[in-house]
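# Fold and geometry: a report
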Amino acid sequence: MTWRETAERLRALGYPCVETPAACAWDVAPPYYGALASRIAGALDGEPWLLVGHSGAGGLLPAIAEALPGGASAMVFVDAVLPHPGKSWFETAPPNLSGMLRETAKDGRVPSWPEWFAASVLAGLLPDAGVRAAFSGEAKAIPLKYLAEPAPLTRVPPLTPCAYLQLSGGYEAEADAAAAAGWTVARLSLHHLAMLTDPVRVAGALHSLIEALSVSSES
């Protein structure tokens with residue numbers, strides 16, 4: 001649901017988008033990075049795909065690219081963590097958040113993402129009650145072992161063009177690091193779930209980044 005409206009606008013711009021919900025892989029046994037990458041790659045054909053990852057999915061993109069028969073033509077990180085080979089998600093998150101999730105885990109799973117924050121925080125991001133309820137209903141509890149699992153040592157291939165789209169102030173450090181690494185970076189003063197509330201601007205920014213990556217790879 002997070003990407004549905006933005007994907008529709010990208011399709012209108014000529015991009016054959018495929019949304020691959022990561023939560024569908026929680027029914028497999030660990031290691032989770034490999035399971036997620038295989039499940040997502042299995043939903044795509046053998047052509048090289050441009051991968052777009054949001055939030056914690058940023059750490060998955062190198063593994064997905066490796067699992068794709070045709071590899072990845074480029075990667076775009078949207079308000080996302082950067083690849084962290086050899087480190088777990090817990091090691092990339094603020095210590096207070098990691099501690100809270102470990103403490104609230106039940107039956108080996110942490111609460112779904114909307115439950116990580118006060119209800120007022122989610123209401124501020126998604127003011128429409130219907131959208132908020134649908135988003136929360138689609139979110140799933142996450143295996144604790146996934147958040148504690150070190151990401152594979154797979155790295156972004158050196159010749160794979162990468163870009164970063166910052167949507168919120170919480171990911172300024174990641175956007176700065178991406179810029180320092182020579183990636184193409186765009187910044188919008190929106191919020192972490194802006195794909196749901198402002199799909200036109202997010203799709204437009206992605207379109208510009210993809211065009212910039214295409215020009216860069218051809219030069």
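Residues numbered from 1 in each chain as written. Predicted model: local features only at pLDDT ≥ 70, side-chain atom pairs only at ≥ 80, totals over all residues. Heavy atoms only, no water.

## Quick word on the overall build of the protein chain
Scanning the protein chain from terminus to terminus reveals eleven helices and six strands. At 17 Å, the protein chain has a C-alpha radius of gyration in line with the 17 Å of a compact globule built from 219 residues. A burial count over the protein chain gives 42% of its 219 residues as buried. Of the contacts formed within the protein chain by residues at least 6 apart in sequence, a portion of 66% connects residues at least 24 apart. Accessible surface computed for the protein chain: about 10,800 Å², of which carbon and sulfur atoms make up 56%. Between the averaged position of the 14 positive side-chain charges in the protein chain and that of its 21 negative side-chain charges there is a distance of 6 Å. (Helix = DSSP H or I, 4+ residues; strand = E, 2+ residues; numbered from the N terminus. Rg over C-alpha atoms; globule rule 2.2 N^0.38 Å. Buried < 20%, exposed > 50% of the residue type's maximum accessible area, 1.4 Å probe, protein only. Contact = heavy atoms within 4.5 Å. Areas by Shrake-Rupley, 256 points an atom, 1.4 Å probe, with all protein chains shown as cover. Lys, Arg positive; Asp, Glu negative; His and termini not counted. Charge placed at Lys NZ, Arg CZ, Asp CG, Glu CD.)

## Considerations on the nonpolar core
Counting residues in hydrophobic clusters, the biggest one holds 44 residues, and the most contacted among them are Leu-51 and Tyr-146. By residue number, the principal contributor to this core is helix H2 (residues 32-42), which donates six residues. By size, the runner-up hydrophobic cluster in this structure holds 17 residues, among which are Ala-74, Ala-194, Ala-205 and Leu-209. (Core = buried A, V, L, I, M, F, W, Y, C linked by side-chain atoms within 4.5 Å.)

## Details of the environment of Ala-119
Structurally, Ala-119 can be placed in helix H6 (residues 119-125). Through-space distance from the C-alpha of Ala-119 to that of Ser-136 is 11 Å; in sequence the pair is 17 residues apart.

## A short note on the packing of aromatic side chains
Aromatic ring pairs are defined here through the distance separating the ring centres and the angle between the ring planes. Using the criterion set out here, one finds eight aromatic pairs in the structure. Judged by centre distance (5.8 Å) and plane angle (65°), the ring pair of Trp-89 and Phe-90 falls under edge-to-face. Per residue, the accessibility class of Trp-89 equals that of Phe-90, and both read buried. The interplanar angle of 85° and the centroid separation of 6.1 Å between the aromatic rings of Trp-113 and Phe-135 together place this pair among those described as edge-to-face. Of this pair, Trp-113 sits in the loop between strand S3 (109-110) and H6 while Phe-135 sits in helix H7 (residues 129-138); the two residues are 22 residues apart in sequence, bridging distant segments of the chain. With a relative accessible area of 18%, Trp-113 lands in the buried category. Residue classification places Phe-135 among the buried residues on the basis of a relative accessible area of 9%. The structure contains a cluster of three or more aromatic residues connected by ring pairs, namely Trp-89, Phe-90, Trp-113, Trp-116, Phe-117 and Phe-135. (Phe/Tyr/Trp six-rings, centres within 6.5 Å; stacked < 30°, edge-to-face > 60°.)

## Points about the side chain of Asp-79
Checked against the element boundaries, Asp-79 lands in strand S2 (residues 72-80). Salt bridges are absent for the buried Asp-79, whose nearest opposite-charge side chain, Arg-187, sits at 8.8 Å. In terms of polar contacts, Asp-79 uses its side chain to reach the backbone amide nitrogen of Leu-167, at 2.8 Å. Residues in contact with Asp-79, not counting those within four places in the same chain, are His-54, Ser-55, Tyr-164, Leu-165, Gln-166, Leu-167, Ser-168, Tyr-171 and His-192. (Salt bridge = Lys/Arg side-chain N within 4 Å of Asp/Glu carboxyl O. Polar contact = N/O pair within 3.5 Å; in protein donor to acceptor, adjacent residues only side chain to side chain.)

## Quick notes on the sheet that holds strand S5 (residues 162-166)
Read from one edge to the other, the open sheet built from four strands follows the order S1-S2-S5-S6, with strand pairing classed as parallel. If you trace the sheet from one side to the other, it starts and ends with strand S1 (49-55) and strand S6 (184-187), each paired once. The average angle at which neighbouring strand axes cross in this sheet is 15°, direction not considered. Direction of pairing for S1 relative to S2: parallel, over a ladder of seven bridges. Within S2, the residue paired with Val-52 across the bridge is Val-76. Strands in contact with helix H9 (residues 172-180) are S2, S5 and S6; relative to S6, the strand with the most contacts, it is inclined by about 150°. (Pairing = 2+ DSSP bridges. Axes fitted to C-alpha atoms, helices over the stretch in contact; angles between N-to-C directions.)

## Structural notes on the environment of Ala-151
Along the polypeptide, Ala-151 turns up in the loop between helix H8 (144-148) and S5. Placed 119 residues apart in sequence, Ala-151 and Tyr-32 show a C-alpha to C-alpha distance of 9.1 Å. When near neighbours in sequence (up to four residues on either side) are disregarded, Ala-151 contacts Tyr-33, His-84, Pro-85, Gly-86, Lys-87 and Ser-88.

## Thoughts on the side chain of His-84
Within the secondary structure, His-84 is located in the loop between S2 and helix H4 (89-92). In this structure His-84 touches Tyr-33, Gly-59, Trp-89, Thr-92 and Ala-151, once residues within four positions along its chain are discounted.

## Focus: H2
Two residues of an α-helix separated by three or four positions point the same way, owing to the 3.6 residues in each turn. Restricting attention to buried positions, one finds in H2 the residues Tyr-32, Tyr-33, Ala-35, Leu-36, Ala-37, Ile-40 and Ala-41. Of the surrounding elements, those touching the buried residues of H2 are helix H3 (61-67), H4, strand S4 (142-143) and H8.

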